[in-house]
Amino acid sequence: MSKPGKMTGQLIKSLFKKPATINYPAQRSGMAEGFRGKLKFNPKLCIGCKLCMRDCPSNAIVIRKVGEKEFEAEIDIAKCISCAQCVDSCPKKALEITPEFELANLDRMKLKVVFSADTGDDTQEKT
Amino acid sequence: MHDPGEVKIPIGPQHPALKEPESFLISLHGEKITASSVRLGYNHRGIEKACEERTYIQDLYLIERICGICSHSHSTCFVQAVEEIAGLEIPTRARYIRTLISELERIHSHLLWLGVAGHEIGFDTLLMYTWRDREAVMDILALLSGNRVNYGINTIGGVRRDIKPEQKEKVLKAIDILEERTKYYIGLAQEESTILERLSKVGTVSRQDAERLGAVGPTARASGIERDVRKDDPYAAYAELDFKVITSDKCDVYGRTIVRLGELMESYSMVRQLIQKLPDGPITIKAPRKIPAGQAVSRYEAPRGEDFHYVRSNGTEKPDRVKVRAPTLANIQAVSKMLEDGYLADIPIVIAAIDPCFSCTDRLISLRDAEKQSKNVVTWESIRLKGIEWYKKQGIDFTILNKKLAESF
Amino acid sequence: MLKAIFSILVFPGFLFLFIFSFVAEYVDRKLCARFQNRIGPPWFQPLADFIKLASKEEIIPLEADVTVFKLVPVFALTASIAAILYIPIGGERAAFSFNGDIIVVLYLLTIPTIAYFLGGWYSRSVYSMIGAVRSLTQLFAYEVPLFLCVLASALLADTWSLSEMANFYNHHPGYWFFNILGFAIALISLLGKLEKVPFDIPEAETEIVAGVFTEYGGRLLALLRTSLNIETVVGASLFTAVFLPFGFNLHHPAAIFLLYLVKVFSIIAVVTLLRSLFARLRLDQMINFCWKYLAPLALVQVVANLILKGILPR
């Protein structure tokens, strides 16, 4: 049984429905909670074991000692694949993954994010 | 004797019909194909070698990124081989979650294929509609695993994320919507006359030829060969599920469409069974970092066919040898047979009907010495030495660069 | 003399068609997007495409024949614009008319297809040559039903001039209804002439890259795309004049023009619906379809009109 133009009903109905696409970036639809985006580092919990560095598939995280029991983390967003293996490997739960995914930048140097050892805020420049 | 009416036309490596680079050299007489030849290798990235330089945990993520569409297939196949060498028995809940993600991936891959097939025959409307429906599955996968592709849900010894009860509700709701839309597409495929005209009697390969050329997956099942790793050699939770293996005896592209649509309906029923039967328990067991020496072979039914991994370990943190045989490599032999006596206009849909994923395919097979016409097996060490010698002859010496690289590590 | 130059350059000639073609392309793309449940491009998209293409460099292959390569878009554009001068825009008088101008209009609308063939053949690239051969083969399939249906409508009016035909149908309201079968067949053939799915075989993107237009780029491609859009508008105007000539006895020129716009946009909307519904046919399937179904039905329409001409009062 061959009927040409079987999709006509669907096409006409779609004229009166809301479109399935949105005008990005004027409108944004968020991602599901638990989406893996940018990393966050809590320096107060870090003990400097460097297990995260050992397990990272792309060598994106570097933990540096800046004082007695004080560590800062430098994460290269260009290399990070947001797999969150470091979050699982950390024995003290010092790393956390956030749903922020709009991380593009025109300057490659700005993609190396340093989480300072005292406040845990990230600065976008490499010091 | 060169036929004056014959034209040689290259399809690829860059061509709008191909989603990934591949070279087909087609000889045409008017619109009819007289000969075709295939050349692979444009997507070779050295993944098997890269696996030997990384630990098993890092390899999980590398193997997952062999392909974007069948990423969970490669990851699960690899992790099953490693767990077999280490002798780990993963908990039942982890097996069920792996199977759930695997069926959701099959749904997303088949819906993607429907859209691509529509685009290859010029039916852009079907592309837009199927990819709109596919967003429902992508949102569910993002909810369950944290990413829309490359889910990263496997770890050695189980899975990394658990499923909460409210997520189960959302999954069932999405499956209901998708089942209704798939029934519409099945009706469309059976009745729309332009689809029937373009897909029937195109890309025919008989049952004997399909067996002889080693076709796997929906390509083989559309020629009547009832072969499915989920039934023949069950892994994960498939032994406890109730499902049918869909075959068709049409042997052409239309048969492959019907097989994939049927598999979609079976996947919906399997997802419902999994959600209902999900047992309680832990989701992972502790796995050692150093895997004891041994070797294992693992098979998996990816959306495109049978995926095959071989892993050999030597007691350290890094594997000794990893070999990947993707399903498209088995199916590509059949493409030359399918293109015989075809038309130029059929080439895109015939290639798309085996659901090619050339990123999965390109691995090292064997070296053939062109002068001596003999095959020999070379080791990594001899290739490396040959390379160093060749560059030295050109006047390039790598020892200084090597020293600098060694210092920076 | 001044009136002639005004007709050729401004209305209904070059400037009017130029702007109208952008509007027609926008309507086509937006409607197609809404059918596919997406938002679609903004209103200035066709103009932006034209400006972007016009500002890019043209790369001409070494083996191509440069003169033919560069002249083809000009020929295609000129032929389509010349055709509108004989078609009545609403109203009863075209800018120029004489007995036999319907044949001239049909001939002028065939010239772009031949021009595309020459452009593709002289580009000397494999894809363009295959596209060129396909476009001529397709010409033999859809041309006959199209001509027969248009001429059937002219037969009923007993004249070969488009303006006289408009006059005849205005004085005999309801006679255009006898041409409905011809209208349906001609719409399907129009899809072939404008190279839209299911008959966009010469420009099959997934099979032969871009067919005839593969080697074109820059200003030449901008002119080619504009000529395709103008061909759409001229084809739709021809169909309103031949198959939908009812006037509702309006006299105000603005009202007549508005009615013409409504008719042309409805034809463009139907063409867009048809192109979103189907997959692309293969060349042999298309020729089969046209000669097995369209051509006999067109003959039926011609014979019916001949009989009706004898029966109906003048």
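Residues numbered from 1 in each chain as written. Chains lettered and ligands numbered in written order. Predicted model: local features only at pLDDT ≥ 70, side-chain atom pairs only at ≥ 80, totals over all residues.

Undergrad: Mind showing me how you'd approach the overall build of chain B here?
TA: On a plain count of helices and strands, chain B comes out with 16 helices and 10 strands. Here the C-alpha radius of gyration of chain B, 23 Å, is about what a compact globule of 409 residues would show, namely 22 Å. Oriented by its inertia axes, the alpha-carbon framework of chain B measures out at about 70 × 65 × 35 Å. In chain B, which comprises 409 residues, the share counted as buried stands at 47%. Counting contacts in chain B only where the partners sit at least 6 residues apart, residues at least 24 apart contribute 69% of the total. (Helix = DSSP H or I, 4+ residues; strand = E, 2+ residues; numbered from the N terminus. Rg over C-alpha atoms; globule rule 2.2 N^0.38 Å. Buried ≥ 20, exposed ≤ 12 C-beta atoms within 10 Å, placed from the backbone. Contact = placed C-beta atoms within 7 Å.)

Undergrad: Can you walk me through the overall build of chain A in this structure?
TA: Helix and strand counts for chain A come out as three helices and six strands. Going from N to C terminus, chain A has its helices and strands arranged as α-β-α-β-β-α-β-β-β. For 127 residues, the compact-globule formula gives about 14 Å, and the C-alpha radius of gyration of chain A, at 22 Å, lies well above that figure. The dimensions of chain A, computed from C-alpha atoms along their principal axes, are 75 × 30 × 20 Å.

Undergrad: What exactly am I supposed to notice about the sheet that holds strand E7 (residues 305-313) of chain B here?
TA: Either a parallel or an antiparallel arrangement is found when strands of a sheet pair, and the pairing is made through backbone hydrogen bonds. All names here are of chain B. The antiparallel open sheet is built from three strands, whose spatial order is E6-E7-E8. One side of each edge strand has no neighbouring strand; the edge strands of this open sheet are strand E6 (294-302) and strand E8 (321-325). Strand-to-strand twist across the sheet, computed as the mean angle between neighbouring axes with direction ignored, equals 10°. Its contacts with the sheet place helix H3 (residues 71-86) against E6, E7 and E8, and it is angled at close to 150° to E6. Running at roughly 130° to E7, helix H12 (residues 327-339) makes contact with E6, E7 and E8 of the sheet. (Pairing = 2+ DSSP bridges. Axes fitted to C-alpha atoms, helices over the stretch in contact; angles between N-to-C directions.)

Undergrad: Sorry, what's going on with the interface of chain C and chain B here?
TA: Many analyses report the size of an interface as the accessible area lost when the parts associate. Opposite the 21 residues of chain C that make contact, chain B presents 23 residues. Of all the elements in the fold, those that place two or more residues in the side of chain C that touches chain B are helix H9 (205-208) and helix H12 (283-311) of chain C. No other element matches H9(C), which puts three residues into the side of chain C that touches chain B. Of the residues that constitute the side of chain C that touches chain B, the class distribution is 10 nonpolar, five polar and six charged. (Nonpolar A, V, L, I, M, F, W, Y, C, P; charged D, E, K, R; others polar.)

Undergrad: How do you make sense of unusual backbone geometry when you look at a structure like this?
TA: Glycine aside, a negative phi is what most residues show, and trans is what most peptide bonds show. The peptide bond linking A:Tyr24 to A:Pro25 adopts the cis configuration, its omega dihedral lying at 0°. A positive phi angle, near 60°, is found at B:Lys201, a position not held by glycine. Looking at the secondary structure, you find B:Lys201 in the loop between helix H7 (193-199) and helix H8 (207-213). Note on B:Lys201: 15 C-beta atoms within 10 Å, which makes it partly exposed. For B:Cys251, which is not a glycine, the phi torsion comes out positive at approximately 60°. Looking at the element boundaries, B:Cys251 is found in the loop between helix H10 (229-232) and helix H11 (253-277). Note on B:Cys251: 20 C-beta atoms within 10 Å, which makes it buried.

Undergrad: Which parts of the structure should I look at to understand the interface of chain A and chain B?
TA: Listed per partner, the contact involves 18 residues of chain A and 20 residues of chain B. Across the side of chain A that touches chain B, the residue classes tally to 10 nonpolar, three polar and five charged.

Undergrad: I keep staring at the domain arrangement of chain B and nothing clicks. Help me out?
TA: Parsing chain B into structural domains produces domain 1 (47-335) and domain 2 (369-408). For domain 1 of chain B and domain 2 of chain B, the distance between their C-alpha centroids amounts to 38 Å. (Domains from an automatic or database assignment.)

Undergrad: Please explain the packing of helix H2 (residues 14-35) of chain C against helix H10 (residues 219-243) of chain C as it appears in this structure.
TA: To characterise two packed helices, one gives the angle between the axes of the helices and the distance between these axes. Residues and elements named next belong to chain C. Where H2 contacts H10, the two axes come as close as 9 Å, and the packing angle between them is 85°. Taken together, the axes of H2 and H10 lie roughly perpendicular to each other. Mapping the contact onto sequence places Leu-17, Phe-20, Ser-21, Ala-24 and Glu-25 in H2 and Thr-226, Asn-229, Ile-230, Thr-232 and Val-233 in H10. (Parallel < 35°, antiparallel > 145°, perpendicular 65-115°, else oblique.)

Undergrad: What is the right way to look at the sheet that holds strand E3 (residues 32-39) of chain B in this model?
TA: All names here are of chain B. Sheet architecture is open: three strands sit in the order E1-E2-E3, paired in antiparallel fashion. Across the chains shown, the open sheet's two edge strands, defined by having one partner strand only, are strand E1 (6-11) and E3. Averaged over all pairs of adjacent strands, the angle between their axes in this sheet comes to 20°, without regard to strand direction. Summarising the sheet, E1 and strand E2 (residues 23-29) pair through six bridges and their orientation is antiparallel. Paired with Val-7 across the bridge in E2 is Leu-28.

Undergrad: Sorry if this is basic, but what is going on with the confidence of the model for chain B here?
TA: For any part of a model where pLDDT is low, the fine detail of the predicted coordinates should not be relied upon. All names here are of chain B. Predicted confidence across chain B gives a mean pLDDT of 88, with 95% of residues reaching 70 or more. Within chain B, no element has a lower average pLDDT than strand E9 (residues 367-369), which sits at 58, and none a higher one than H11, at 94. For this predicted complex, the interface confidence comes out at an ipTM of 0.90, alongside a pTM of 0.90. (pLDDT = per-residue confidence, 0-100.)

Undergrad: What exactly am I supposed to notice about the environment of B:Ile332 here?
TA: Residues and elements named next belong to chain B. Residue position: Ile-332 is located in helix H12. Judged by the 21 C-beta atoms lying within 10 Å of it, Ile-332 is buried. Between the alpha carbons of Ile-332 and Leu-40 there is a distance of 9.5 Å; along the sequence they are 292 residues apart. When near neighbours in sequence (up to four residues on either side) are disregarded, Ile-332 contacts Val-38 and Thr-361.

Undergrad: In this structure, what is going on with the environment of B:Asn150? I would like to understand it.
TA: Residues and elements named next belong to chain B. Mapped onto the elements of the fold, Asn-150 is located in the loop between helix H5 (124-145) and strand E4 (154-155). The class for Asn-150 is buried, based on 20 C-beta atoms found within 10 Å. Along the backbone, Asn-150 and Tyr-61 are 89 residues apart, and their C-alpha atoms lie at a distance of 8.4 Å. Residue contacts for Asn-150: discarding those within four places in its chain leaves Glu-64, Arg-65, Gly-68 and Ser-71.

Undergrad: Can you help me understand the pairing of E3(B) in this one?
TA: All names here are of chain B. As paired strands, E2 and E3 are joined by seven bridges and run antiparallel to one another. Within the sheet, the bridge partner assigned to His-29 lies in E3 and is Lys-32. Hairpin connection, E2 to E3: the antiparallel pair is bridged by two residues, and Gly-30 has positive phi, about 75°.

Undergrad: Which parts of the structure should I look at to understand H12(B)?
TA: Residues spaced three or four apart along an α-helix point in a common direction, a consequence of the helix completing one turn every 3.6 residues. Residues and elements named next belong to chain B. The end-to-end C-alpha separation of H12 is 19 Å, in line with the 18 Å expected for 13 residues at 1.5 Å each. Along its length, H12 reaches its greatest deviation from straightness, about 30°, at Gln-333. Judged by how many residues are buried, H12 sits mostly within the fold: 10 of 13 residues are covered. Among the residues of H12, those classed as buried are Pro-327, Thr-328, Leu-329, Ala-330, Asn-331, Ile-332, Ala-334, Val-335, Met-338 and Leu-339. Following H12 by one or two positions, Asp-341 adopts a phi angle in the positive range, close to 60°. (Expected span 1.5 Å × (residues − 1). Bend = angle between axes of the 7 residues up to and from the residue.)

Undergrad: Please clarify how the packing of helix H2 (residues 56-64) of chain B against H3(B) should be interpreted in this entry.
TA: Residue and element names in this part refer to chain B. With their axes 8 Å apart at the nearest point, H2 and H3 run at an angle of 150° to one another. Considering the angle they form, H2 stands roughly antiparallel to H3. The handedness of the crossing between H2 and H3 is right-handed. Of the residues in H3, those touching H2 at Tyr-56, Leu-60, Ile-63 and Glu-64 are Ser-71, His-74, Ser-75, Phe-78, Val-79 and Val-82. (Left-handed = near helix turned anticlockwise from the far one by under 90°.)

Undergrad: Help me out: how do you make sense of the environment of A:Cys49 in this one?
TA: Position of A:Cys49 among the secondary structure elements: in the loop between strand E1 (39-41) and helix H2 (51-55). Considering only alpha carbons, one finds A:Cys49 and A:Glu68, 19 residues apart in sequence, at a separation of 14 Å.

Undergrad: Whenever I open this one, H2(B) confuses me. Can you help?
TA: Counting buried positions over the nine residues of H2(B) gives eight, a clear majority of the element. Tucked into the core, H2(B) has its buried residues touching H2 and helix H3 (85-89) of chain A together with helix H1 (47-52), H3 and E4 of chain B.

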